[in-house]
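Each chain is listed here by its residues.
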Amino acid sequence: MWFFASNTIANLEERKIASGFGFLGREAGFEIGESAFLRYGAADTYARALVVGLTNTLAVALIGIVLATGLGTTIGLSRLSRNFLLRNFAAAYVEFMRNVPLLVQLFFWYAVITEGMPGPREALSPLPGVFISNRGIFFPTFSSAPELQGFNFTGGAVLTPEFAALLIGLTTYTAAFIAEIVRAGVLAVDRGQTEAAHALGLSRPQTTRLVVLPQALRVIVPPMTSQYLNLTKNSSLAVAIGYPDLVSIANTTMNQTGQAIEGIATIMAVYLTISLSISAFMNWYNAHVAMR
Amino acid sequence: MRWLRDNFFGGWASGVFTVVLILLLWKTLPPFIDWAFLDAIWKPDPKACRAAEGACWGFIAEKHRFILFGTYPYELHWRPAIATVLLIGLWVFSAFRRFWRWWLASVWLLGLTAIGVLMWGGVFGMRYVENERWGGMILTLLLTTFGLAFAFPLSILLALGRRSDMPVIRALCIGYIELIRGVPLISLLFMASVMLPLFLPSGVSIDKLLRAQIAMILFAAAYLAEVVRGGLQAIPRGQYDAAHALALPYWRRTCLIILPQALRISVPPLVNTFIAFFKDTSLVLIIGLFDLLSTIKVSIQDRAWTGFGVEAYLFASLVYFAFCTAMSRYSRSFEHR
Amino acid sequence: MIEMIKVSKWFAAFQALKEVDLAVGRGEKVVVCGPSGSGKSTLIRLVNRLEAHQEGRVIVDGVELTDDPRTIDTVRREVGMVFQSFNLFPHLTVLENLTLAPVWVKHVPRKEAEETARELLARVRIPEQADKYPSQLSGGQQQRVAIARALCMRPKLMLFDEPTSALDPEMIKEVLDVMVELAREGMTMMVVTHEMGFAKTVADRVVFMDGGRVVEAAPPAEFFGAPKTDRARLFLSQVLGH
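As the structure is a computational prediction, the values presented were derived from the model and not from experiment.

## Looking at the interface of chain A and chain B
- With 47 residues of chain A in contact, the opposing surface of chain B contributes 53 residues.
- In terms of surface lost to chain B, no three residues of chain A exceed Asn 99, Phe 107 and Met 268 of chain A, which account for 13% of the buried area on that side.
- Across the chain A-chain B interface, the total number found is 2 salt bridges.
- Here Glu 95 of chain A and Arg 332 of chain B are joined by a salt bridge, their closest N and O atoms 3.3 Å apart.
- Of all the secondary structure elements, the ones that give two or more residues to the side of chain A that touches chain B are helix 1 (2-14), helix 3 (84-98), helix 4 (102-116), helix 5 (161-188), helix 8 (238-241), helix 9 (246-257) and helix 10 (260-289) of chain A.
- Examining the composition of the side of chain A that touches chain B, we find that 9 residues originate from one element, helix 10 of chain A, more than from any other.

Next comes the structure, spelled out in structure tokens:
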């Protein structure tokens, strides 16, 4: 242990790298492409930059979790459908998404948006006020609507290609895993339960809603929370497509200050906190809501 | 007839789905087939590609050697080619249950040495090729193989340690597993690539590939440990009781009775973890190593071939999909025994 | 009440039922017995379409069972079933188990359903268990709840698929007592069981099945006293022997 520590100290001195978290108070000097909640400018501190990164991570993670749950549950239930087409579409979806690395999928979506979509002047407009172009997806907010000015849109709100690619990639990828969890949960419910429900005259939708799903949920929640955690961790791949999440910004910070140890420690501490909180929640859930 | 009716028009909702899905297929499949096959350009001609409506697969024809072998010297490509075949062969060979004997380990040792000799060279008159020049498919396969080869025994130790009666060992194992599983792989790769050099005396350096490999091993070990732990927990209590009753010492008990059973039960989730690990090797792109995904990405950064990202990543998807699907089918065949 | 005419059923290549004819009249109590694999469970599950027949006709209370979901629904509302493995809903209390179907299928107002439920729980002699969960009850109690649950739908006909086979011996009697009472009150019943004592007490007819066919059918006195076929004789010697 001492061997490593002494080497580290020597190396840091040699490269004139500072130690400690003092750098957090210094001016960052770089711009951040987008920020979900906070305002930020190059004159703000590193600390603020990192916080912006964190909020960006949380933004994409939370929206991703909600969307992935919806999509995943739909696909999972579709896998159990009696309709041949629905069943096999869903199965093909799951099989494909689970066997291709997430990074490949992120690059793919990014390429689709930046290469496949038309420029702002020929933007697609599926709904009034919503424009899809290779500069991003523009949609109206309560206060303003996007308008074409010159080569780009102004006004309204925008999903940057980076955010959109990350969100779509994370959602579609995680949904495949959630689909399998939902399917396994429903299958785990004893056949006799559906038989008894049918014998009592309950219809198929009633049986699913009143008898099967409540029991399936207990089996589904633990692995589902695991997937939520995976989605959050996977959002760190943002660094590969240029979305300024926590890892991205920490990376830039590390490059500028040279303080790699502090930077990585920060990243790990944040993610560890998130993971342990979710684990704690799951333990609580198992203890209090477990199958009676 | 009845099958058709039940499966396509079982209820009014089912009928609606059938109609909608067929409509969707009708509208998207023909245009896609046009784009991907009929109008596509297969020749390595960038001008034709840009002029055409269809997909451009020409870059594969032009760049396939780079994609498969990275920056390995062009005239020596036969060496990584044989190494790749050998490596895939080793995996396929190990997939057959009847080869699961002690001599399998020696087969692997021989195989890996042969691969090492082929890749590095320097003996038998073959030119030495430093591992900075390795890339593409062989790099992905090597990272996966060595990653799993070292992580697996480590994971068994971790799993056993987690169930240990000694509080220090138990705490260390739990701490390690929870730490690694709680952070993203990318942070571990950063740690290896940036922090590891700081820990060593100046002048000593570990090359990049090794750093990445170490990070991947540490990562895999934690996840595999949880799978093995599941297997250990799934063995009926009676087995432990019987082993204790026979008065066998700890390691003998564990190696002869407990582990064989635990591992046998764990094969499906283990293979699933292997598949996930194979996919995770793609992340080394971020720290500058030239794995398969990286070579594909770089191949379209060539001025002549920019702008064909969609084709490039579809191609990448297909390659990974082929490998991963094969492995997952294999894993599923175990569940039917 | 039930008419089965030349009913045959296959599971893939295996023929489970071979041209079975059976009729159960209103108020009649029919016990179906036979060695395992004889098709008796399959037969009883045809009555409420938990299994579907491929050949022949099944008519329940005048309604012929076909693939048409409406016929199936109609029949299931009038037929109650009790299973070997109880199949109570574990996430609901006993009372909720009983009121679920009346409320959601027959659209009975909740209060009324609960009153009926409590009445029936009293009839099966476990009124105090209303707010417990199934896992807190013994096997015998659970099966009695299952009987009450089926009765809450006020069925015209009750099916019992080996109701006591999964119970510990000391609990069999409490369930059989409830079934005997039900029989005495005039319920039409079709019971698959190994409990020959019950058959002797309550059955109007005993139907013996083997290899997917009805081998013998007779009133209990005749069946137990003077079985006509060798197979029936063999079966009886095995079942009653110990």
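## Regarding the pairing of strand 8 (residues 188-192) of chain C
Residue and element names in this part refer to chain C.
- Within strand 8, 5 of the 5 residues are buried, which leaves it mostly tucked inside the rest of the structure.
- Sheet topology places strand 3 (residues 29-33) next to strand 8; 4 bridges connect them, and they run parallel. Within the sheet, the bridge partner assigned to Val 30 lies in strand 8 and is Met 190.
- Bridging between strand 7 (residues 157-161) and strand 8 involves 5 bridges; their strand directions are parallel. The residue bridging Asp 161 from the neighbouring strand is Val 192, located in strand 8.
- Handedness of the β-α-β unit built from strand 7, helix 6 (residues 169-184) and strand 8 comes out right-handed.

## Concerning the pattern of salt bridges
- Across all of its chains, the model carries 28 salt bridges over all chains by this definition.
- Notably, a salt bridge pairs Glu 180 of chain A with Arg 79 of chain A, separated by 2.9 Å at the nearest N-O pair. Note that Glu 180 of chain A is positioned in helix 5 and Arg 79 of chain A in the loop between helix 2 (46-78) and helix 3, a separation of 101 residues in sequence.
- Its salt-bridge partner being Glu 51 of chain C, residue Arg 45 of chain C comes within 3.3 Å of it at the nearest N-O pair.
- On the basis of relative accessibility, which here comes to 16%, the residue Glu 51 of chain C falls in the buried class.

## Details of the packing of aromatic side chains
- Applying the stated rule across the entire model yields 20 aromatic pairs over all chains.
- Ring centres 6.2 Å apart and planes at 70 degrees place the aromatic pair Trp 35 of chain B and Trp 57 of chain B in the edge-to-face group. In this pair, Trp 35 of chain B is assigned in helix 2 (residues 12-38) and Trp 57 of chain B in the loop between helix 3 (46-51) and helix 4 (58-69), connecting sequence segments 22 residues apart.
- Look at Phe 208 of chain C and Phe 223 of chain C: their rings are 6.2 Å apart centre to centre, the planes differ by 40 degrees, and that puts the pair in the tilted class. On the criterion of sequence distance, the pair formed by Phe 208 of chain C in strand 9 (residues 205-210) and Phe 223 of chain C in helix 8 (residues 220-225) is long-range, its members being 15 residues apart.
- With relative accessibility at 0%, the residue Phe 208 of chain C sits in the buried group.

## A closer look at the side chain of Lys 63 of chain B
Residues and elements named next belong to chain B.
- Mapped onto the fold, Lys 63 is located in helix 4.
- Residue class for Lys 63 comes out buried when judged on its relative accessible area of 16%.
- What Lys 63 contacts, discounting residues up to four positions off in sequence, is Ser 299, Asp 302 and Trp 305.

## Regarding the sheet that holds strand 1 (residues 131-133) of chain A
Residues and elements named next belong to chain A.
- The strand order across the open sheet built from 3 strands is 1-2-5, with neighbouring strands paired in antiparallel fashion. Edge positions in the open sheet fall to strand 1 and strand 5 (157-159), since each of these has one partner strand only. Within the sheet, the average angular offset between the axes of one strand and its neighbour, ignoring direction, is 20 degrees.
- In the sheet, strand 2 (residues 136-139) pairs with strand 5 via 3 bridges, with the strands oriented antiparallel. Bridging across to strand 5, Phe 138 finds its partner in Val 158.

## Remarks on the environment of Lys 200 of chain C
Residues and elements named next belong to chain C.
- Looking at where Lys 200 falls in the secondary structure, it is placed in helix 7 (residues 196-202).
- Separated by 91 residues in the primary sequence, Lys 200 and Pro 109 place their C-alpha atoms 40 Å from one another.
- For Lys 200, the contacting residues outside a window of four places in its chain are Pro 220 and Phe 224.

## A word on the nonpolar core
- With 145 residues, the main nonpolar core has Leu 87 and Leu 293 of chain B as its most contacted residues.
- At 13 residues, the largest contribution of residues to this core is made by helix 10 (residues 208-234) of chain B.
- Apart from residues no more than four positions distant in its own chain, Leu 293 of chain B is found in contact with Leu 103, Val 104 and Phe 107 of chain A together with Ser 282, Leu 285, Tyr 313, Ala 316 and Tyr 320 of chain B.
- In terms of nonpolar packing, the next biggest core, distinct from the first, is built from 50 residues, Val 31, Met 196, Ala 203 and Phe 224 of chain C among them.

## Side note on the pairing of strand 2 (residues 14-24) of chain C
Residue and element names in this part refer to chain C.
- For strand 1 (residues 2-11) and strand 2, the ladder comprises 7 bridges, and the chain directions are antiparallel. Following the sheet pairing, Lys 9 is matched in strand 2 by Leu 17.
- The turn linking strand 1 back onto strand 2 is made up of 2 residues, and Ala 12 within it adopts a positive phi angle of 55 degrees.

## A word on unusual backbone geometry
All names here are of chain C.
- Of note in this structure, Phe 86 is not a glycine but carries a positive phi near 60 degrees.
- With respect to the secondary-structure elements, Phe 86 resides in the loop between strand 6 (79-82) and helix 3 (94-104).
- A residue is classified by how much of its surface remains accessible, and Phe 86, at 12% relative accessible area, is buried.
- Although it is not a glycine, His 107 adopts a positive phi angle of roughly 55 degrees.
- Relative to the assigned elements, His 107 resides in the loop between helix 3 and helix 4 (110-123).
- With a relative accessible area of 62%, His 107 lands in the exposed category.

## Description of the packing of helix 7 (residues 137-162) of chain B against helix 8 (residues 167-182) of chain B
All names here are of chain B.
- Between helix 7 and helix 8, the least distance of the axes is 8 Å, while the angle of their chain directions is 125 degrees. When the interaxial angle is binned, helix 7 and helix 8 end up oblique. The way helix 7 lies across helix 8 gives a crossing that is left-handed. In this structure, helix 7 uses Leu 158, Gly 161 and Arg 162 to contact helix 8, whose residues at the interface are Ile 169, Arg 170, Cys 173, Ile 174, Tyr 176, Ile 177 and Glu 178.
- Residues that form the contact of helix 7 with helix 8 fall into these classes: 6 nonpolar, 1 polar and 3 charged.

## Regarding the confidence of the model for chain B
- Per-residue confidence for chain B gives a mean pLDDT of 86, with 98% of residues at or over 70.
- The secondary structure element of chain B with the lowest average pLDDT is helix 1 (residues 2-9) of chain B, at 74, and the one with the highest is helix 8 of chain B, at 93.

## Observations regarding the sheet that holds strand 8 of chain C
Residue and element names in this part refer to chain C.
- As summarised here, the arrangement of the 6 strands in space is 6-7-8-3-9-10, forming an open sheet in which the pairing is mixed. Unpaired on one side and paired on the other, strand 6 and strand 10 (213-218) mark the two borders of the sheet. The sheet shows a mean angle of 15 degrees between the axes of neighbouring strands, direction not considered.
- The sheet contact formed by strand 6 and strand 7 spans 4 bridges and is parallel. Bridge pairing in strand 7 places Gly 80 opposite Met 158.
- Helix 2 (residues 69-78) rests against strand 6 and strand 7 of the sheet, and its axis sits at about 65 degrees to strand 6.

Rules and cut-offs
- Residues numbered from 1 in each chain as written.
- Chains lettered and ligands numbered in written order.
- Predicted model: local features only at pLDDT ≥ 70, side-chain atom pairs only at ≥ 80, totals over all residues.
- Heavy atoms only, no water.
- Contact = heavy atoms within 4.5 Å.
- Buried area = accessible area lost by both parts, 1.4 Å probe.
- Salt bridge = Lys/Arg side-chain N within 4 Å of Asp/Glu carboxyl O.
- Helix = DSSP H or I, 4+ residues; strand = E, 2+ residues; numbered from the N terminus.
- Buried < 20%, exposed > 50% of the residue type's maximum accessible area, 1.4 Å probe, protein only.
- Pairing = 2+ DSSP bridges.
- Right-handed = clockwise from strand over helix to strand, strands pointing away.
- Phe/Tyr/Trp six-rings, centres within 6.5 Å; stacked < 30°, edge-to-face > 60°.
- Axes fitted to C-alpha atoms, helices over the stretch in contact; angles between N-to-C directions.
- Core = buried A, V, L, I, M, F, W, Y, C linked by side-chain atoms within 4.5 Å.
- Parallel < 35°, antiparallel > 145°, perpendicular 65-115°, else oblique.
- Left-handed = near helix turned anticlockwise from the far one by under 90°.
- Nonpolar A, V, L, I, M, F, W, Y, C, P; charged D, E, K, R; others polar.
- pLDDT = per-residue confidence, 0-100.

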